[in-house]
Amino acid sequence: MSQAILKTEHLNVAADRPILKNVTIAFRSAAITAVIGPSGSGKTTLLRAFNRLNEDHLSTSGRVLFQGINIYDPRVDCFRLRMKIGMLPSQPIIFPISLKANLMLAPRVNMKVSRQNLAMDIEQSLRQVCLWDKLQHQLTNKQFKLSTKDQQLFCLARALLLHPQILLLDEPTALLDPAATLQFEKILLKLRSHLTIIIVTHNLQQAARIADDTAFLQHGKLIEFAQTRELFTRPQQAATDQYLTKKLILK
Amino acid sequence: MIKPRLNITVNLEKIIKAWVYLMAASVLALIVGLLLLVFGWGLPQLNWHFLTGSSNYLTGGGVGIQLFNTLYILVLTLVISLPLALGTAIWLFQYARQNWFTKLIRIMLEILSSLPTIVIGLVGFLVFVVKFHFGFSLLSGSLTLMILNLPLLTSTSENALRSADPRLRRAGLALGMSNWDCICKIIIPQVRPALLTGVVLSAGRIIGETAAVIYTAGQSAAMLDWKNWNPLDTASPLSPFRPAETLAVHIWKINAEGTIPQTLQISTGAAVLLILLIILFDLAIYGWLWLQQRTIN
């Protein structure tokens, strides 16, 4: 087992009532971890706790350690943190400017990278998501039409451009058809060699296909966390077993 | 099949439709009639002499200085109030939490926007003219107009910022951009037309305001030395410290005093000029927006 790059210790997140209760979990580096659980179990809140993107009115206690540093330490610059821990929401959001401007915006603003240095990076990250051939000639065009799949891949490339160490994915394939989902997963598996990926998903087959580890969350509590094969074939907790059975039978 | 019975609903529908059309048509007629009237009287007055000459108690004369003063006070007021209004709007939009303090500020802005303009003029007179010793000047007038203008500009700016898709901001934050960068680089470019609509509305108010500037910017249009570009010298057109009668005040004054022979001709001419100014300002802003949109595409 490789080392933990990100871990939480007794993480509690609450609005007017608790959303996450005492979650302690450690994520392996250069691996894909899936977070599964019923709707409203706190999966998205957990994901957002990792890059401090939860709304201001949510109170957080406990620790989230990224490479040994508590990210809720007031001295931590959460904007730099969000570059190291990238995130992709389920709906692809492309800013209404040209594709190239979209890609350049964050690196230019956050890190003052020069345009020349970025050109190489842009090609590389678009190649990583298999969009370079398709998009290289319409990067400066403001009137672009992209399929949902291409939009999501484009957003992935935009996040990769900041060279994050961890990538948080919130149901990234919820809007994609099965073929596009498989292509997206293939790209994730390629990225795994140098990137830690945490993916929230409702799709159990997806977790089974790509995740090295899987965490099961219910009512804000971490019920079970194990290697994916273990969790799916020999769940230790009754609640996990119940959830898996129900989901798989309903499919 | 529905049998045709008493056709009450259908008839009512027809009546209401006719009434609504009538209302819309009367509003249109009102505006067109008003414009026709003012333009019919005023347009013939417009000539080079009227646009550039200075007013004269015996012959009436032109409104050149008033025209320049109106433009100057517009620019000066916008320069003072835009940063204030935009800053407040950004604070209300981004940083303010929903608590008693924010509510208080919103209530204060509402009260401010419903104050009679003559009251604001009086406050401007007592504070800027008398207390701060700015005298009757463009500066006093602009500061007073700023007070008048602030609520409208703040609320239109805040609404403009809120009209942006909130997911855009989230996406920006997820890319490690700061709140400030998200506003400047993502939200403001997105809502620029709505922001500028607020500016256009304010400009109309500033250009047309009379009561608030009578006792602050003054009622005299002293001769200006057009070769003097030193803004600190009160004889210079650029000086914000000189008294400056605007077009709207000029219309009010010549009608109130009645000493000039061609009161009607001059006031209608000035009225047309005011309307043309506002139309030109709007056209300039929307034209600029359109050009920008075109160069991006």
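- The name given to chain A in an unreviewed UniProt entry is Phosphate ABC transporter, ATP-binding protein, with the source organism recorded as Liquorilactobacillus ghanensis DSM 18630.

**Focus on the overall build of chain A**
Okay, step 1: Looking only at helices and strands, one finds 10 helices and 10 strands in chain A.
Okay, step 2: Taken over the C-alpha trace, chain A has a radius of gyration of 18 Å; the compact-globule value for 251 residues is 18 Å, and the two agree within 12%.
Okay, step 3: Judged by the C-alpha coordinates and their principal axes, chain A covers about 55 × 45 × 35 Å.
Okay, step 4: For chain A, buried positions account for 39% of its 251 residues.
Okay, step 5: Across chain A, contacts joining residues at least 24 apart in sequence account for 68% of those joining residues at least 6 apart.

**Considerations on the pairing of strand 2 (residues 18-28) of chain A**
Residues and elements named next belong to chain A.
Okay, step 1: Pairing of strand 1 (residues 4-14) with strand 2 involves seven bridges; the strand directions are antiparallel. Of the residues in strand 2, the one forming a bridge with Ala-4 is Arg-28.
Okay, step 2: In this structure, the hairpin formed by strand 1 and strand 2 is closed by a connection of three residues.

**Considering the interface of chain B and chain A**
Okay, step 1: The interface of chain B with chain A comprises 16 residues on the first partner and 20 residues on the second.
Okay, step 2: It is helix 7 (residues 166-174) of chain B that contributes the most residues to the side of chain B that touches chain A, six residues altogether.
Okay, step 3: When the residues that make up the side of chain B that touches chain A are grouped by side-chain class, the tally is eight nonpolar, four polar and four charged.

**So, the sheet that holds strand 2 of chain A**
All names here are of chain A.
Okay, step 1: With antiparallel pairing, the four strands of this open sheet are ordered in space as 2-1-4-5. Each edge of the open sheet carries a strand with a single partner, namely strand 2 and strand 5 (69-70).
Okay, step 2: Pairing of strand 4 (residues 59-66) with strand 5 involves two bridges; the strand directions are antiparallel. Bridging across to strand 5, Phe-66 finds its partner in Ile-69.

**Structural notes on unusual backbone geometry**
Okay, step 1: At Asn22(A), a position not held by glycine, the phi torsion is positive, near 50°.
Okay, step 2: Mapped onto the elements, Asn22(A) comes out in strand 2.
Okay, step 3: Judged by the 15 C-beta atoms lying within 10 Å of it, Asn22(A) falls in the partly exposed class.
Okay, step 4: One non-glycine residue, His133(B), adopts positive backbone phi at about 60°.

**Section: the nonpolar core**
Okay, step 1: With 125 residues, the main nonpolar core has Ala157(A), Leu168(A), Ile198(A) and Ile73(B) as its most contacted residues.
Okay, step 2: The element best represented in this core is helix 3 (residues 64-95) of chain B, accounting for 11 residues.
Okay, step 3: Those residues within four positions of Leu168(A) in sequence are excluded, and the remaining contacts are Leu47(A), Phe50(A), Asn51(A), Ile85(A), Gly86(A), Met87(A) and Ile198(A).

**What to know about the environment of Leu112(B)**
Okay, step 1: On the secondary structure map, Leu112(B) appears in helix 4 (residues 100-114).
Okay, step 2: Sequence-distant contacts of Leu112(B), that is, excluding residues within four places in its chain, are made with Leu150(B) and Pro151(B).

**Overview of the confidence of the model for chain B**
Okay, step 1: For chain B, per-residue confidence averages 88 on the pLDDT scale, and 96% of positions sit at 70 or higher.
Okay, step 2: Quick note on the complex model: pTM equals 0.80, ipTM equals 0.86.

**Considering the environment of Gln219(B)**
All names here are of chain B.
Okay, step 1: By the secondary structure assignment, Gln-219 is in the loop between helix 9 (211-214) and helix 10 (247-257).
Okay, step 2: Between the alpha carbons of Gln-219 and Pro-243 there is a distance of 7.4 Å; along the sequence they are 24 residues apart.
Okay, step 3: Beyond its immediate chain neighbours, meaning those up to four positions away, Gln-219 contacts Ile-214, Glu-245, Val-249 and Lys-253.

**Focus on helix 7 of chain B**
Okay, step 1: Of the residues making up helix 7 of chain B, those classed as buried are Arg169(B), Ala171(B), Gly172(B), Leu173(B) and Ala174(B).
Okay, step 2: For helix 7 of chain B, the secondary structure elements touched by its buried residues are helix 2 (78-84) and strand 6 (85-88) of chain A together with helix 8 (179-208) of chain B.
Okay, step 3: Following helix 7 of chain B by one or two positions, Gly176(B) adopts a phi angle in the positive range, close to 80°.

**Quick look at helix 8 of chain B**
All names here are of chain B.
Okay, step 1: Between the first and last C-alpha of helix 8 there are merely 37 Å, a value that for 30 residues lags more than 12% behind the 44 Å anticipated at 1.5 Å per step.
Okay, step 2: At Arg-192, helix 8 shows its largest kink, close to 65°, and the proline Pro-193 lies no more than four residues downstream.
Okay, step 3: Listed in full, the buried residues belonging to helix 8 are Cys-182, Lys-185, Ile-186, Ile-187, Gln-190, Leu-195, Gly-198, Val-199, Ser-202, Ala-203, Ile-206 and Ile-207.

**Focus on the UniProt feature "domain: ABC transporter" (unreviewed entry) in chain A**
Okay, step 1: Those places that UniProt annotates as "domain: ABC transporter" (unreviewed entry) correspond, in this numbering, to residues 5-244 of chain A.
Okay, step 2: Between the end C-alpha atoms of residues 5-244 of chain A there is a gap of 28 Å, over a span that is 38% helix and 26% strand.

**Looking at the sheet that holds strand 8 (residues 196-200) of chain A**
Residue and element names in this part refer to chain A.
Okay, step 1: With mixed pairing, the six strands of this open sheet are ordered in space as 6-7-8-3-9-10. Edge strands, defined here as strands with exactly one partner in the open sheet, are strand 6 and strand 10 (221-227). Each neighbouring strand pair of the sheet contributes to a mean axis angle of 15°, computed without reference to strand direction.
Okay, step 2: For strand 6 and strand 7 (residues 166-170), the ladder comprises four bridges, and the chain directions are parallel. Bridged to Met-87 within strand 7 is Leu-168.

**Some remarks on the packing of helix 4 of chain B against helix 6 (residues 138-162) of chain B**
All names here are of chain B.
Okay, step 1: Two numbers describe how helix 4 lies on helix 6: the axes approach to 7 Å, and their chain directions differ by 130°. In terms of orientation, helix 4 lies oblique with respect to helix 6. As for the relative orientation of helix 4 and helix 6, their crossing is left-handed in sense. Each of Leu-109, Glu-110, Leu-112 and Ser-113 in helix 4 lies in contact with helix 6, whose residues at this interface are Leu-150, Pro-151, Leu-152, Thr-154 and Ser-155.

**With respect to the pairing of strand 8 of chain A**
Residue and element names in this part refer to chain A.
Okay, step 1: Across the five residues of strand 8, five count as buried, placing the element largely inside the fold.
Okay, step 2: The alternating pattern of strand 8 places Thr-196, Ile-198 and Val-200 on one face and Ile-197 and Ile-199 on the opposite face, and all of these are buried.
Okay, step 3: As judged from the five bridges shared by strand 7 and strand 8, these two strands associate in the parallel manner. The residue of strand 8 that forms the bridge with Leu-169 is Ile-199.
Okay, step 4: Traced from strand 7 through helix 7 (residues 178-191) to strand 8, the parallel crossover comes out right-handed.

Definitions and limits used
- Numbers given for residues are sequential positions, taken from 1 along each chain in its written order.
- As a convention, the first chain written is A and the first ligand written is 1, with the rest following in written order.
- In view of the model being predicted, local features appear only for residues whose pLDDT reaches at least 70, and side-chain atom pairs are presented and counted only at 80 or more, with totals across whole chains, interfaces and linings using the full set of residues.
- Each helix is a run of H or I in the DSSP string that is no shorter than four residues. Each strand is a run of E no shorter than two, and both are numbered from the N terminus.
- Computation of the radius of gyration draws on C-alpha atoms alone. For the globule rule, the value is 2.2 Å times the number of residues to the power 0.38.
- Residues with at least 20 other C-beta atoms within 10 Å of their own are called buried, those with 12 or fewer are called exposed, and the rest are partly exposed. The C-beta atoms themselves are positioned from the backbone.
- Contact between residues is assigned whenever the C-beta positions, reconstructed from backbone atoms, fall within 7 Å.
- Paired strands are those between which DSSP finds at least two bridges.
- Each residue receives one of three labels: charged for Asp, Glu, Lys and Arg, nonpolar for Ala, Val, Leu, Ile, Met, Phe, Trp, Tyr, Cys and Pro, and polar for the others, Gly being one of them.
- A set of buried Ala, Val, Leu, Ile, Met, Phe, Trp, Tyr and Cys residues, joined to one another through C-beta atoms within 7 Å, is what we call a nonpolar core.
- Values of pLDDT, ranging from 0 to 100, describe the predictor's confidence in every residue of the model.
- Multiplying 1.5 Å by the helix residue count minus one yields the expected span of that helix.
- What is called the bend at a residue is the angle between a pair of axes, fitted to the seven residues leading up to and ending at it and to the seven starting from it.
- UniProt positions are given in the numbering used here, feature names are shortened, and annotations may be inferred rather than shown by experiment.
- Angles shown run from 0 to 180 degrees and are taken between the N-to-C directions of axes, each axis being a line fitted to C-alpha atoms and, for helices, limited to the stretch in contact.
- Any angle between 65 and 115 degrees counts as roughly perpendicular, while under 35 counts as roughly parallel, over 145 as roughly antiparallel, and the rest as oblique.
- Two helices crossing with the near one rotated counterclockwise from the far one by less than a right angle form a left-handed crossing, whereas a clockwise rotation gives a right-handed crossing.
- Here, the term right-handed applies to a crossover whose path from the first strand over the helix to the second runs clockwise when the strands point away from the viewer.

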